[in-house]
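Residue-level listing of the chains:
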Amino acid sequence: MAKPKIINVKGTNVSIIKHNESDFISLTDMTKGFEDGLVLIEKWLRNKNTVEFIGIWEEINNPIFNSPEFGGIKNEAGLNRFTLSVKKWIEKTNAIGIIAKTGRFGSGTYAHRDIAFEFGSWLSPEFKLYLITEYQRLKVSENERLKLEWSFQRMLSKVNYHIHTDAIKEKLIPVE
């Protein structure tokens, strides 16, 4: 697994990992700059608007999403007795937009960037704007690096071509 990328959002280091070819942003890291910390993720998941948002995201992006189970969860959301953990959401609905990683390194709750931006908005509109700005800065930096790598690869291929053709001319083609 590739090393996570880190962006700094208002003094908080936030990890970004690649999962199924998409960027997933650490919700766990995002909560570190707020007073209630990790319980914020569970509070956010209790919200009816949150359940609707992540459910609609799953319906659009996940062909194996369990929509009937989502309907039941959506009906319960917002009630005082309603609780929803990331694991429960994933198990009941086959969700792919939020993942819970365990282990010594890189553990925590990660969400697809669309969902992470929504979570950032719930935390604080200001935090969301800084999050988006830093994420975009990371993507611009990555694109610049990829352009340089492509240019370098092209130049390397060109040099190798000349080395090979010169060697063939010198060693394999007989002198007349």
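Here the structure is shown first, and the text comes after it.
Let us look at the structure shown here. The residue count restarts for each chain, going from 1 along the sequence in the order it is written. For a predicted model such as this one, the threshold for reporting local features is a pLDDT of at least 70, and the threshold for listing and counting side-chain atom pairs is 80 or more; totals across whole chains, interfaces and linings nevertheless cover every residue. Think of the side-chain values as coming from all heavy atoms in the structure, minus any hydrogens and water.

## A look at the overall build of the protein
Here a strand is any run of E in DSSP of at least two residues, a helix any run of H or I of at least four, and the numbering for each starts at the N terminus. Of regular secondary structure, the protein possesses seven helices and five strands. For the protein, the sequential pattern of α-helices and β-strands runs β-β-β-α-α-α-α-α-β-β-α-α. Between the two quantities, the radius of gyration covers C-alpha atoms and the globule rule is 2.2 Å times the number of residues to the power 0.38. Expected size for 176 residues packed as a compact globule is a radius of gyration near 16 Å; at 23 Å, the protein overshoots this value by more than 25%. Principal-axis analysis of the C-alpha atoms gives the protein an extent of 95 × 40 × 30 Å. The contacts of the protein with a sequence gap of at least 6 include a subset with a gap of at least 24, amounting to 55%. A total accessible area of about 11600 Å² is found for the protein, and carbon and sulfur atoms account for 54% of it. The contact definition used throughout considers only heavy atoms, calling two residues in contact when any of these lie within 4.5 Å. We get accessible surface area from the Shrake-Rupley algorithm with a probe of 1.4 Å; when it comes to residues, only the shown protein chains can shield them.

## Observations concerning the nonpolar core
One broad trend across soluble globular proteins is that nonpolar side chains are buried collectively. What we call a nonpolar core is a set of buried Ala, Val, Leu, Ile, Met, Phe, Trp, Tyr and Cys residues that are connected through their side-chain atoms within 4.5 Å. Each residue is assigned to one of three classes by its accessible area relative to the maximum for its type, calculated with a 1.4 Å probe on protein chains only: buried under 20%, partly exposed between the two thresholds, exposed over 50%. Counting 34 residues, the largest nonpolar core has I25, L27, M30, W44, V51 and W89 as its most contacted members. If you tally residues by element for this core, the top one is helix α6 (residues 113–123), at five residues.

## Re the pairing of strand β1 (residues 5–9)
Here, any two strands with at least 2 DSSP bridges between them count as paired. Bridge analysis of β1 against strand β2 (residues 12–19) gives five bridges, and the strand direction is antiparallel. Considered in β2, the bridge of V9 is made with T12. Hairpin connection of β1 to β2: two residues between the antiparallel strands, including K10 at a positive phi of 50°.

## A short note on the sheet that holds β1
The five strands lie next to each other as β1-β2-β3-β5-β4, forming an open sheet whose pairing is antiparallel. In this open sheet, the two strands that pair with only one neighbour each are β1 and β4 (98–101). Taking each pair of neighbouring strands and ignoring which way they run, the sheet shows an average axis angle of 35°. Looking at chain direction, β4 and strand β5 (residues 108–112) are connected through four bridges and run antiparallel. Bridged to I99 within β5 is Y110. Throughout, an axis means a line fitted to C-alpha atoms (over the contacting stretch in the case of helices), and angles, computed between N-to-C directions, take values from 0 to 180 degrees. Packed onto the sheet, helix α5 (residues 86–93) meets β4 and β5 and runs at close to 125° relative to β4. Contacts from α6 reach β3 (22–26), β4 and β5, with the element oriented near 110° to β5.

## With respect to the packing of helix α2 (residues 39–46) against helix α3 (residues 48–61)
Angle between the axes and distance between the axes are the two parameters that describe a pair of packed helices. It is at 5 Å that the axes of α2 and α3 come closest, and there the two elements cross at 80°. In terms of orientation, α2 and α3 fall into the roughly perpendicular class. Judged by residue contacts, W44, L45 and R46 of α2 engage K48, T50, V51 and I54 from α3. Residues of the contact of α2 with α3, tallied by class, amount to four nonpolar, one polar and two charged. For this classification, under 35 degrees means roughly parallel, over 145 means roughly antiparallel, 65 to 115 means roughly perpendicular, and everything else is oblique. The nonpolar class holds Ala, Val, Leu, Ile, Met, Phe, Trp, Tyr, Cys and Pro. Asp, Glu, Lys and Arg form the charged class, and all remaining residues, Gly among them, are polar.

## Re the environment of I132
Secondary-structure assignment places I132 in helix α7 (residues 125–171). Residues I132 and N61, 71 residues apart in the sequence, show an inter-C-alpha distance of 21 Å.

## So, a nonpolar patch on the surface
Residues M155, V159 and I163 make up a contiguous nonpolar surface patch of about 280 Å² in total accessible area. Inspection of the secondary structure assignment puts I163 in helix α7. Within this analysis, patches are made of residues with over 30% relative accessible area and no salt bridge. Like charges are joined at 9 Å or less; nonpolar side chains (Val, Leu, Ile, Met, Phe, Trp, Tyr) at 5 Å or less. Criterion for a salt bridge: a side-chain nitrogen of Lys or Arg within 4 Å of a carboxyl oxygen of Asp or Glu.

## Let's talk about the pattern of salt bridges
What the rule picks out here adds up to ten salt bridges. When the shortest N-O distance is used, the salt bridge between E134 and R137 registers 2.9 Å. Of this pair, E134 and R137 both sit in helix α7, separated by three residues, roughly a single helical turn. A residue is classified by how much of its surface remains accessible, and R137, at 51% relative accessible area, is exposed. Overlapping salt bridges, with partners in common, bring together K5, K18, D23, K139 and E142 in one network.

So yeah, pure geometry; function would need other evidence.
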